Amino acid sequence: MNIVVGVTGGIAAYKSVHLVRLLTKAGHDVTVVPTEDALRFVGTPTWEAISRHPVTTSVHDDVAKVRHVALGQAADLVIVAPATANTIASMAAGLASDLLGTTLLATLAPVVIAPAMHTEMWRHPATQANIATLRSRGVHLVGPAEGELAGGDTGPGRMSEPEEIVEQALAVLAPQDLAGLRVAISAGGTREPIDPVRFLGNRSSGRQGAALAAEAAARGADVVLVAAHVDAEVLAAAEHSSIRVRRVGTAAELSTAMKDAAATADAVIMAAAVADYRPAEVAEHKLTKEQGVLTRIDLVENEDVVAALAAARAGGRAPEGQIIVAFAAETLTDAGERRERARRKRERKGVDLLAVNLADAEHGFEQADNAVEIIGDGGGVVGEASGAKREVARAIWRAVIDMR
(Lines give C-alpha, C1' and ligand atoms only; values in the text may rest on other atoms or scores of the structure.)
Protein backbone atom coordinates (compact mmCIF):
# COMPACT_ATOMS: atom_id res chain seq x y z
CA MET A 1 0.00 0.00 0.00
CA ASN A 2 1.29 3.50 -0.86
CA ILE A 3 1.04 5.70 2.22
CA VAL A 4 2.02 9.37 2.51
CA VAL A 5 2.87 10.53 6.03
CA GLY A 6 2.75 14.29 6.44
CA VAL A 7 4.75 15.58 9.41
CA THR A 8 4.24 19.10 10.68
CA GLY A 9 6.08 21.38 13.08
CA GLY A 10 5.29 20.10 16.56
CA ILE A 11 7.40 18.47 19.23
CA ALA A 12 5.38 15.28 18.71
CA ALA A 13 7.18 14.87 15.36
CA TYR A 14 9.68 12.64 17.12
CA LYS A 15 6.89 10.09 17.71
CA SER A 16 6.14 10.03 14.01
CA VAL A 17 9.51 8.37 13.38
CA HIS A 18 8.12 5.30 15.14
CA LEU A 19 4.85 5.68 13.21
CA VAL A 20 6.72 5.50 9.89
CA ARG A 21 8.77 2.59 11.15
CA LEU A 22 5.64 0.61 12.08
CA LEU A 23 4.13 1.21 8.65
CA THR A 24 7.26 0.18 6.75
CA LYS A 25 7.72 -2.93 8.90
CA ALA A 26 4.13 -3.89 8.07
CA GLY A 27 5.12 -3.92 4.40
CA HIS A 28 3.74 -0.57 3.26
CA ASP A 29 5.55 1.82 0.90
CA VAL A 30 5.83 5.06 2.89
CA THR A 31 6.74 8.51 1.62
CA VAL A 32 7.32 11.20 4.25
CA VAL A 33 6.31 14.76 3.40
CA PRO A 34 7.45 17.11 6.16
CA THR A 35 6.90 20.82 6.45
CA GLU A 36 9.90 23.12 6.85
CA ASP A 37 9.01 23.58 10.51
CA ALA A 38 8.88 19.80 11.00
CA LEU A 39 12.51 19.55 9.91
CA ARG A 40 13.48 21.75 12.87
CA PHE A 41 12.39 18.85 15.12
CA VAL A 42 13.47 15.80 13.05
CA GLY A 43 15.88 16.17 10.15
CA THR A 44 15.73 14.95 6.56
CA PRO A 45 18.34 12.14 6.99
CA THR A 46 16.17 10.47 9.65
CA TRP A 47 13.05 10.52 7.48
CA GLU A 48 14.94 9.20 4.45
CA ALA A 49 16.61 6.44 6.43
CA ILE A 50 13.41 5.24 8.09
CA SER A 51 11.20 5.47 4.96
CA ARG A 52 13.87 4.52 2.39
CA HIS A 53 12.65 7.30 0.10
CA PRO A 54 14.03 10.76 -0.71
CA VAL A 55 12.38 13.56 1.27
CA THR A 56 11.67 17.13 0.25
CA THR A 57 9.40 19.96 1.35
CA SER A 58 9.48 21.89 -1.91
CA VAL A 59 7.09 21.87 -4.85
CA HIS A 60 10.06 22.82 -7.04
CA ASP A 61 11.83 19.46 -6.72
CA ASP A 62 11.14 16.71 -9.30
CA VAL A 63 9.17 19.15 -11.42
CA ALA A 64 9.37 16.85 -14.45
CA LYS A 65 7.50 14.17 -12.46
CA VAL A 66 4.91 16.74 -11.30
CA ARG A 67 5.71 15.63 -7.75
CA HIS A 68 3.49 18.27 -6.16
CA VAL A 69 0.40 16.39 -7.37
CA ALA A 70 1.82 12.94 -8.19
CA LEU A 71 2.31 12.02 -4.51
CA GLY A 72 -1.33 12.65 -3.70
CA GLN A 73 -2.57 10.91 -6.84
CA ALA A 74 -0.57 7.75 -6.13
CA ALA A 75 -1.42 7.53 -2.42
CA ASP A 76 -3.78 4.89 -1.05
CA LEU A 77 -3.80 6.66 2.31
CA VAL A 78 -2.53 9.96 3.71
CA ILE A 79 -1.71 10.37 7.41
CA VAL A 80 -0.80 13.72 8.95
CA ALA A 81 0.89 13.23 12.31
CA PRO A 82 1.33 15.44 14.16
CA ALA A 83 -1.31 17.77 12.77
CA THR A 84 -0.72 21.17 14.36
CA ALA A 85 -3.36 23.86 14.78
CA ASN A 86 -1.75 25.76 11.89
CA THR A 87 -1.85 22.71 9.61
CA ILE A 88 -5.47 21.99 10.47
CA ALA A 89 -6.37 25.60 9.68
CA SER A 90 -4.49 25.40 6.38
CA MET A 91 -6.25 22.19 5.45
CA ALA A 92 -9.66 23.67 6.25
CA ALA A 93 -8.87 26.71 4.12
CA GLY A 94 -7.49 24.57 1.28
CA LEU A 95 -4.09 26.26 1.26
CA ALA A 96 -1.30 24.79 -0.86
CA SER A 97 1.74 26.73 0.29
CA ASP A 98 4.10 23.71 0.36
CA LEU A 99 4.41 20.12 -0.83
CA LEU A 100 2.22 18.75 1.95
CA GLY A 101 -0.53 21.25 1.11
CA THR A 102 -0.52 20.38 -2.60
CA THR A 103 -0.43 16.66 -1.80
CA LEU A 104 -3.51 16.97 0.41
CA LEU A 105 -5.39 18.89 -2.29
CA ALA A 106 -4.40 16.47 -5.03
CA THR A 107 -5.31 13.22 -3.30
CA LEU A 108 -8.54 11.29 -3.51
CA ALA A 109 -7.31 8.83 -0.89
CA PRO A 110 -8.65 8.77 2.68
CA VAL A 111 -6.94 11.32 4.93
CA VAL A 112 -6.28 10.65 8.62
CA ILE A 113 -4.98 13.35 10.97
CA ALA A 114 -3.58 13.05 14.49
CA PRO A 115 -3.90 16.48 16.13
CA ALA A 116 -1.22 17.65 18.56
CA MET A 117 -1.23 21.01 20.34
CA HIS A 118 -1.76 22.66 23.70
CA THR A 119 -5.17 22.30 25.30
CA GLU A 120 -6.13 25.95 24.84
CA MET A 121 -5.32 25.77 21.11
CA TRP A 122 -7.30 22.54 20.72
CA ARG A 123 -10.33 24.00 22.52
CA HIS A 124 -10.25 27.32 20.67
CA PRO A 125 -13.44 27.89 18.64
CA ALA A 126 -11.39 28.42 15.47
CA THR A 127 -9.71 25.02 15.80
CA GLN A 128 -13.00 23.30 16.60
CA ALA A 129 -14.63 24.96 13.58
CA ASN A 130 -11.76 23.81 11.36
CA ILE A 131 -12.06 20.27 12.73
CA ALA A 132 -15.80 20.30 11.98
CA THR A 133 -15.04 21.43 8.44
CA LEU A 134 -12.52 18.65 7.89
CA ARG A 135 -14.88 16.05 9.34
CA SER A 136 -17.60 17.20 6.96
CA ARG A 137 -15.20 16.55 4.09
CA GLY A 138 -14.53 13.00 5.25
CA VAL A 139 -11.22 13.52 7.04
CA HIS A 140 -10.71 10.99 9.85
CA LEU A 141 -9.38 11.97 13.28
CA VAL A 142 -7.25 9.93 15.67
CA GLY A 143 -7.15 11.64 19.07
CA PRO A 144 -5.99 13.90 20.47
CA ALA A 145 -5.27 12.08 23.70
CA GLU A 146 -5.29 13.61 27.15
CA GLY A 147 -2.00 13.70 29.03
CA GLU A 148 1.25 15.52 29.60
CA LEU A 149 2.07 18.21 27.06
CA ALA A 150 5.20 20.19 26.26
CA GLY A 151 6.14 22.62 29.01
CA GLY A 152 4.67 20.50 31.76
CA ASP A 153 1.00 21.25 31.00
CA THR A 154 -1.59 18.48 30.98
CA GLY A 155 -4.91 18.11 29.19
CA PRO A 156 -6.36 17.12 25.82
CA GLY A 157 -4.04 17.85 22.92
CA ARG A 158 -1.40 15.14 23.17
CA MET A 159 -0.79 13.23 19.93
CA SER A 160 -2.07 9.66 20.08
CA GLU A 161 0.55 6.92 20.26
CA PRO A 162 1.92 5.65 16.92
CA GLU A 163 0.44 2.16 17.41
CA GLU A 164 -3.06 3.61 17.83
CA ILE A 165 -2.64 5.86 14.79
CA VAL A 166 -1.53 2.91 12.64
CA GLU A 167 -4.41 0.75 13.87
CA GLN A 168 -7.09 3.35 13.23
CA ALA A 169 -5.61 4.62 9.97
CA LEU A 170 -5.37 1.18 8.40
CA ALA A 171 -8.87 0.35 9.64
CA VAL A 172 -10.16 3.20 7.45
CA LEU A 173 -9.09 1.24 4.36
CA ALA A 174 -9.53 -2.33 5.49
CA PRO A 175 -12.72 -4.06 4.38
CA GLN A 176 -14.66 -5.25 7.41
CA ASP A 177 -15.29 -8.65 5.84
CA LEU A 178 -14.10 -10.49 8.97
CA ALA A 179 -16.24 -8.49 11.38
CA GLY A 180 -17.68 -10.67 14.13
CA LEU A 181 -15.45 -13.65 13.39
CA ARG A 182 -13.24 -15.29 16.00
CA VAL A 183 -9.82 -16.23 14.72
CA ALA A 184 -7.00 -18.35 16.19
CA ILE A 185 -3.50 -17.94 14.70
CA SER A 186 -0.19 -19.50 15.66
CA ALA A 187 3.14 -17.82 14.94
CA GLY A 188 6.86 -18.31 15.51
CA GLY A 189 8.93 -21.40 16.15
CA THR A 190 8.67 -23.84 19.04
CA ARG A 191 11.73 -24.86 21.07
CA GLU A 192 12.21 -28.28 22.60
CA PRO A 193 14.63 -28.20 25.57
CA ILE A 194 17.60 -30.56 25.71
CA ASP A 195 18.91 -29.20 28.99
CA PRO A 196 18.59 -25.83 30.79
CA VAL A 197 20.63 -24.01 28.11
CA ARG A 198 20.09 -25.91 24.84
CA PHE A 199 17.09 -26.64 22.67
CA LEU A 200 15.97 -28.01 19.31
CA GLY A 201 14.37 -25.22 17.30
CA ASN A 202 13.99 -23.57 13.92
CA ARG A 203 14.45 -20.20 12.23
CA SER A 204 10.85 -19.01 12.19
CA SER A 205 10.56 -15.35 13.26
CA GLY A 206 6.76 -15.24 13.54
CA ARG A 207 6.48 -12.34 11.09
CA GLN A 208 3.95 -14.10 8.84
CA GLY A 209 1.73 -15.06 11.76
CA ALA A 210 1.91 -11.52 13.15
CA ALA A 211 0.96 -10.14 9.73
CA LEU A 212 -2.00 -12.52 9.52
CA ALA A 213 -3.18 -11.40 12.96
CA ALA A 214 -2.80 -7.70 12.17
CA GLU A 215 -4.68 -8.05 8.89
CA ALA A 216 -7.50 -10.03 10.52
CA ALA A 217 -7.91 -7.46 13.30
CA ALA A 218 -7.91 -4.58 10.80
CA ARG A 219 -10.75 -6.35 8.97
CA GLY A 220 -12.86 -6.65 12.10
CA ALA A 221 -11.95 -10.07 13.55
CA ASP A 222 -11.39 -10.93 17.21
CA VAL A 223 -7.97 -12.60 17.24
CA VAL A 224 -6.07 -14.92 19.55
CA LEU A 225 -2.40 -15.01 18.52
CA VAL A 226 -0.46 -17.93 19.99
CA ALA A 227 3.16 -16.80 19.78
CA ALA A 228 6.04 -19.25 20.13
CA HIS A 229 9.28 -17.37 20.76
CA VAL A 230 8.36 -14.28 18.75
CA ASP A 231 10.46 -11.18 19.44
CA ALA A 232 8.67 -8.18 20.92
CA GLU A 233 9.76 -6.16 17.88
CA VAL A 234 7.89 -8.57 15.58
CA LEU A 235 4.80 -8.61 17.79
CA ALA A 236 4.73 -4.80 17.72
CA ALA A 237 3.42 -5.08 14.15
CA ALA A 238 0.40 -6.96 15.54
CA GLU A 239 -0.50 -4.56 18.35
CA HIS A 240 -4.26 -4.06 18.15
CA SER A 241 -7.08 -3.83 20.64
CA SER A 242 -8.70 -6.90 19.05
CA ILE A 243 -5.60 -9.12 19.31
CA ARG A 244 -4.86 -11.17 22.44
CA VAL A 245 -1.40 -12.71 22.56
CA ARG A 246 -0.68 -16.01 24.32
CA ARG A 247 3.02 -16.79 24.73
CA VAL A 248 4.14 -20.43 24.48
CA GLY A 249 7.45 -22.26 24.26
CA THR A 250 7.22 -25.93 23.28
CA ALA A 251 5.10 -27.81 20.78
CA ALA A 252 3.04 -29.25 23.64
CA GLU A 253 2.33 -25.79 25.02
CA LEU A 254 1.38 -24.53 21.57
CA SER A 255 -0.91 -27.50 21.07
CA THR A 256 -2.76 -26.81 24.33
CA ALA A 257 -3.14 -23.10 23.57
CA MET A 258 -4.32 -23.65 19.99
CA LYS A 259 -6.85 -26.33 20.97
CA ASP A 260 -8.25 -23.94 23.56
CA ALA A 261 -8.46 -21.04 21.08
CA ALA A 262 -9.76 -23.19 18.21
CA ALA A 263 -12.64 -24.54 20.29
CA THR A 264 -14.55 -21.29 19.66
CA ALA A 265 -12.81 -20.02 16.48
CA ASP A 266 -14.45 -19.57 13.09
CA ALA A 267 -11.05 -19.70 11.37
CA VAL A 268 -7.76 -21.28 12.46
CA ILE A 269 -4.42 -20.57 10.81
CA MET A 270 -1.36 -22.59 11.80
CA ALA A 271 1.51 -20.35 10.70
CA ALA A 272 3.89 -21.46 13.45
CA ALA A 273 6.80 -23.77 12.68
CA VAL A 274 6.21 -26.61 15.14
CA ALA A 275 9.05 -29.00 16.00
CA ASP A 276 8.35 -32.49 14.70
CA TYR A 277 10.39 -34.12 17.47
CA ARG A 278 11.53 -33.45 21.02
CA PRO A 279 14.22 -35.05 23.21
CA ALA A 280 12.93 -38.13 24.99
CA GLU A 281 14.45 -36.81 28.21
CA VAL A 282 15.32 -33.29 29.31
CA ALA A 283 18.45 -33.08 31.47
CA GLU A 284 18.10 -31.25 34.77
CA HIS A 285 21.60 -29.83 34.51
CA LYS A 286 23.70 -28.61 31.60
CA LEU A 287 25.17 -31.51 29.65
CA THR A 288 28.94 -31.36 29.14
CA LYS A 289 31.45 -32.80 26.72
CA GLU A 290 33.28 -34.37 29.62
CA GLN A 291 30.23 -36.47 30.34
CA GLY A 292 30.25 -37.70 26.76
CA VAL A 293 26.49 -37.35 26.43
CA LEU A 294 26.24 -34.78 23.62
CA THR A 295 26.89 -37.16 20.75
CA ARG A 296 23.46 -38.77 20.88
CA ILE A 297 19.99 -37.41 21.63
CA ASP A 298 17.05 -39.80 21.59
CA LEU A 299 13.97 -38.16 20.11
CA VAL A 300 10.24 -38.80 20.30
CA GLU A 301 7.63 -37.48 17.88
CA ASN A 302 5.50 -34.47 18.81
CA GLU A 303 1.78 -34.37 18.16
CA ASP A 304 0.76 -33.06 14.73
CA VAL A 305 -1.08 -30.00 16.02
CA VAL A 306 -2.93 -28.98 12.87
CA ALA A 307 -4.03 -32.57 12.19
CA ALA A 308 -5.33 -32.75 15.77
CA LEU A 309 -7.30 -29.52 15.24
CA ALA A 310 -8.80 -30.94 12.04
CA ALA A 311 -9.73 -34.15 13.87
CA ALA A 312 -11.41 -32.15 16.65
CA ARG A 313 -13.47 -30.33 14.04
CA ALA A 314 -14.45 -33.61 12.39
CA GLY A 315 -15.54 -34.86 15.80
CA GLY A 316 -17.87 -31.90 16.28
CA ARG A 317 -15.64 -30.11 18.81
CA ALA A 318 -15.45 -26.84 16.87
CA PRO A 319 -17.92 -24.23 15.56
CA GLU A 320 -19.87 -25.23 12.49
CA GLY A 321 -18.19 -24.05 9.30
CA GLN A 322 -14.77 -23.60 10.89
CA ILE A 323 -12.01 -23.18 8.30
CA ILE A 324 -8.50 -24.47 9.01
CA VAL A 325 -5.43 -23.23 7.15
CA ALA A 326 -2.01 -24.89 7.39
CA PHE A 327 1.41 -23.81 6.15
CA ALA A 328 4.13 -25.87 4.51
CA ALA A 329 7.62 -24.42 4.07
CA GLU A 330 9.43 -25.99 1.13
CA THR A 331 12.88 -25.51 -0.37
CA LEU A 332 12.06 -27.32 -3.62
CA THR A 333 12.75 -25.00 -6.54
CA ASP A 334 10.48 -26.91 -8.93
CA ALA A 335 7.03 -25.32 -8.58
CA GLY A 336 5.17 -28.39 -9.81
CA GLU A 337 6.88 -30.65 -7.31
CA ARG A 338 6.15 -28.15 -4.51
CA ARG A 339 2.48 -28.10 -5.40
CA GLU A 340 2.23 -31.88 -5.54
CA ARG A 341 3.82 -32.24 -2.13
CA ALA A 342 1.47 -29.55 -0.77
CA ARG A 343 -1.57 -31.37 -2.18
CA ARG A 344 -0.58 -34.57 -0.42
CA LYS A 345 0.04 -32.74 2.85
CA ARG A 346 -3.33 -30.97 2.68
CA GLU A 347 -5.14 -34.28 2.25
CA ARG A 348 -3.12 -35.99 4.94
CA LYS A 349 -3.75 -33.29 7.54
CA GLY A 350 -7.42 -32.79 6.70
CA VAL A 351 -7.28 -28.98 6.36
CA ASP A 352 -9.25 -26.74 4.03
CA LEU A 353 -6.40 -24.62 2.70
CA LEU A 354 -2.66 -25.13 2.66
CA ALA A 355 -0.29 -22.24 1.98
CA VAL A 356 2.94 -23.63 0.56
CA ASN A 357 5.73 -21.12 0.85
CA LEU A 358 9.17 -21.12 -0.69
CA ALA A 359 11.85 -20.94 1.99
CA ASP A 360 15.07 -19.63 0.46
CA ALA A 361 17.57 -16.80 0.94
CA GLU A 362 14.99 -14.16 -0.04
CA HIS A 363 11.68 -15.59 1.20
CA GLY A 364 10.23 -17.33 4.23
CA PHE A 365 12.02 -17.75 7.55
CA GLU A 366 13.62 -14.60 9.00
CA GLN A 367 12.92 -12.65 5.79
CA ALA A 368 10.73 -9.58 5.24
CA ASP A 369 9.16 -11.15 2.13
CA ASN A 370 7.33 -14.37 1.45
CA ALA A 371 5.95 -16.21 -1.56
CA VAL A 372 3.01 -18.60 -1.29
CA GLU A 373 0.60 -20.63 -3.35
CA ILE A 374 -2.66 -21.55 -1.62
CA ILE A 375 -3.91 -25.06 -2.32
CA GLY A 376 -7.65 -25.59 -1.91
CA ASP A 377 -10.32 -28.18 -2.47
CA GLY A 378 -9.40 -30.72 -5.13
CA GLY A 379 -5.75 -29.68 -5.01
CA GLY A 380 -6.19 -26.60 -7.14
CA VAL A 381 -4.33 -23.32 -6.59
CA VAL A 382 -6.96 -20.92 -5.24
CA GLY A 383 -4.63 -18.00 -4.53
CA GLU A 384 -1.05 -16.85 -4.65
CA ALA A 385 1.00 -13.90 -3.50
CA SER A 386 4.58 -12.76 -3.20
CA GLY A 387 6.16 -9.77 -1.53
CA ALA A 388 5.72 -8.30 1.93
CA LYS A 389 4.21 -10.68 4.46
CA ARG A 390 1.24 -8.36 5.00
CA GLU A 391 0.40 -8.76 1.29
CA VAL A 392 0.65 -12.53 1.67
CA ALA A 393 -1.67 -12.29 4.69
CA ARG A 394 -4.24 -10.45 2.56
CA ALA A 395 -4.14 -13.21 -0.06
CA ILE A 396 -4.70 -15.89 2.57
CA TRP A 397 -7.63 -14.04 4.12
CA ARG A 398 -9.15 -13.55 0.66
CA ALA A 399 -9.01 -17.33 0.18
CA VAL A 400 -10.64 -17.88 3.58
CA ILE A 401 -13.40 -15.37 2.82
CA ASP A 402 -14.04 -17.00 -0.56
CA MET A 403 -14.51 -20.35 1.19
CA ARG A 404 -17.00 -18.84 3.63
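These numbers come from a predicted model, not from an experiment.

A complete count under the given rule lists 22 salt bridges for this structure. The closest approach of N and O atoms between E215 and R219, which form a salt bridge, is 2.9 Å. Assigned by exposure class, E215 and R219 land together as buried. One salt-bridge network, held together by shared partners, links D177, E215, R219, R390, E391 and R394.

Attention now goes to the UniProt feature "binding site: CTP" (unreviewed entry) in the chain. When the UniProt feature table is mapped onto this chain, "binding site: CTP" (unreviewed entry) is found at D276, K286, F327, K345 and K349. Sequence-wise these annotated residues cover 74 residues; spatially they are dispersed, their C-alpha atoms as much as 37.5 Å apart. Counting through the fold element by element, F327 comes out in strand β16 (residues 323-330). If we ignore the near neighbours within four places in the chain, the residues touching F327 are Q208, L212, I269, M270, A271, A355, N357 and I396. Of note, K349 is situated in helix α13 (residues 335-349). In this structure K349 comes out as buried when scored by relative accessible area, which is 15%. Aside from chain neighbours lying at most four places away, what touches K349 is D304, V306, A307 and A310.

If you look at the biggest cluster of nonpolar residues, it comprises 38 residues, and the most contacted ones within it are I185, L212, V223, L225, I269, I396 and W397. By residue number, the principal contributor to this core is helix α14 (residues 389-403), which donates seven residues. Residue contacts for L225: discarding those within four places in its chain leaves I185, A187, G209, A210, A213, L235, A238, I243, R244, V245 and R246. Formed by 29 residues, the second largest nonpolar core is a distinct cluster that contains A12, V55, I165 and V166.

Glancing now at the packing of helix α9 (residues 207-218) against α14. Between two packed helices, the angle of one axis relative to the other and the distance separating the axes together describe the packing. At a minimum axis distance of 8 Å, the contact between α9 and α14 shows a crossing angle of 60°. The orientation of α9 with respect to α14, classified from their angle, is oblique. Crossing angle aside, the handedness with which α9 passes α14 is right-handed. Counting all contacts with α9, which are made through R207, Q208, A211, L212, A214, E215, A216 and A218, the residues of α14 involved are K389, R390, V392, A393, R394, I396 and W397. Looking at the contact of α9 with α14 residue by residue, the class counts come to nine nonpolar, one polar and five charged.

For the rest of this paragraph, the subject is the packing of helix α11 (residues 251-262) against helix α12 (residues 305-314). Following both chains from N to C, one finds α11 and α12 inclined at 25°, their axes separated by 10 Å at the closest point. On the basis of the axis angle, α11 is roughly parallel to α12. Note that α11 runs across α12; the crossing there is right-handed. Along the contact surface, α11 presents A251, L254, S255, M258, K259 and A262, while α12 presents V305, A308 and L309.

Bringing a nonpolar patch on the surface into the picture now. Taken together, the side chains of I11, Y14 and F41 make up a nonpolar region of the molecular surface, amounting to roughly 330 Å² of accessible area. You can see I11 is positioned in the loop between β1 (2-7) and α1 (13-25).

For the rest of this paragraph, the subject is α13. Taking 1.5 Å of rise per residue, the 15 residues of α13 would be expected to cover 21 Å, and the 21 Å separating its terminal C-alpha atoms lies within 8% of that figure. Taken as a whole, α13 has its buried residues at R338, A342, K345, R346 and K349. For α13, the angular spread of the buried residues around the axis is 100°, confining them to a single face. Along α13, exposed side chains directed more than 90 degrees from the buried face belong to E347 and R348. Elements that come into contact with the buried residues of α13 comprise α12, β16, β17 (353-358) and β18 (369-375). Immediately downstream of α13, the backbone of G350 shows phi near 75°, a positive value.

Inspection of the sheet shows β18 paired to strand β19 (residues 381-388) by seven bridges, in the antiparallel sense. Residue D369 lies in a different strand from β19, and its bridge partner there is A388. Between β18 and β19, which pair antiparallel in sequence order, lie five residues; one of them, G378, sits at a positive phi of approximately 80°.

Conventions used here
Residues numbered from 1 in each chain as written. Predicted model: local features only at pLDDT ≥ 70, side-chain atom pairs only at ≥ 80, totals over all residues. Heavy atoms only, no water. Salt bridge = Lys/Arg side-chain N within 4 Å of Asp/Glu carboxyl O. Buried < 20%, exposed > 50% of the residue type's maximum accessible area, 1.4 Å probe, protein only. UniProt positions renumbered as here; feature names shortened; annotations may be inferred. Helix = DSSP H or I, 4+ residues; strand = E, 2+ residues; numbered from the N terminus. Contact = heavy atoms within 4.5 Å. Core = buried A, V, L, I, M, F, W, Y, C linked by side-chain atoms within 4.5 Å. Axes fitted to C-alpha atoms, helices over the stretch in contact; angles between N-to-C directions. Parallel < 35°, antiparallel > 145°, perpendicular 65-115°, else oblique. Left-handed = near helix turned anticlockwise from the far one by under 90°. Nonpolar A, V, L, I, M, F, W, Y, C, P; charged D, E, K, R; others polar. Patch = residues over 30% accessible without salt bridge, like charges linked within 9 Å, V, L, I, M, F, W, Y side chains within 5 Å. Areas by Shrake-Rupley, 256 points an atom, 1.4 Å probe, with all protein chains shown as cover. Expected span 1.5 Å × (residues − 1). Arc of directions from axis to C-beta. Pairing = 2+ DSSP bridges.

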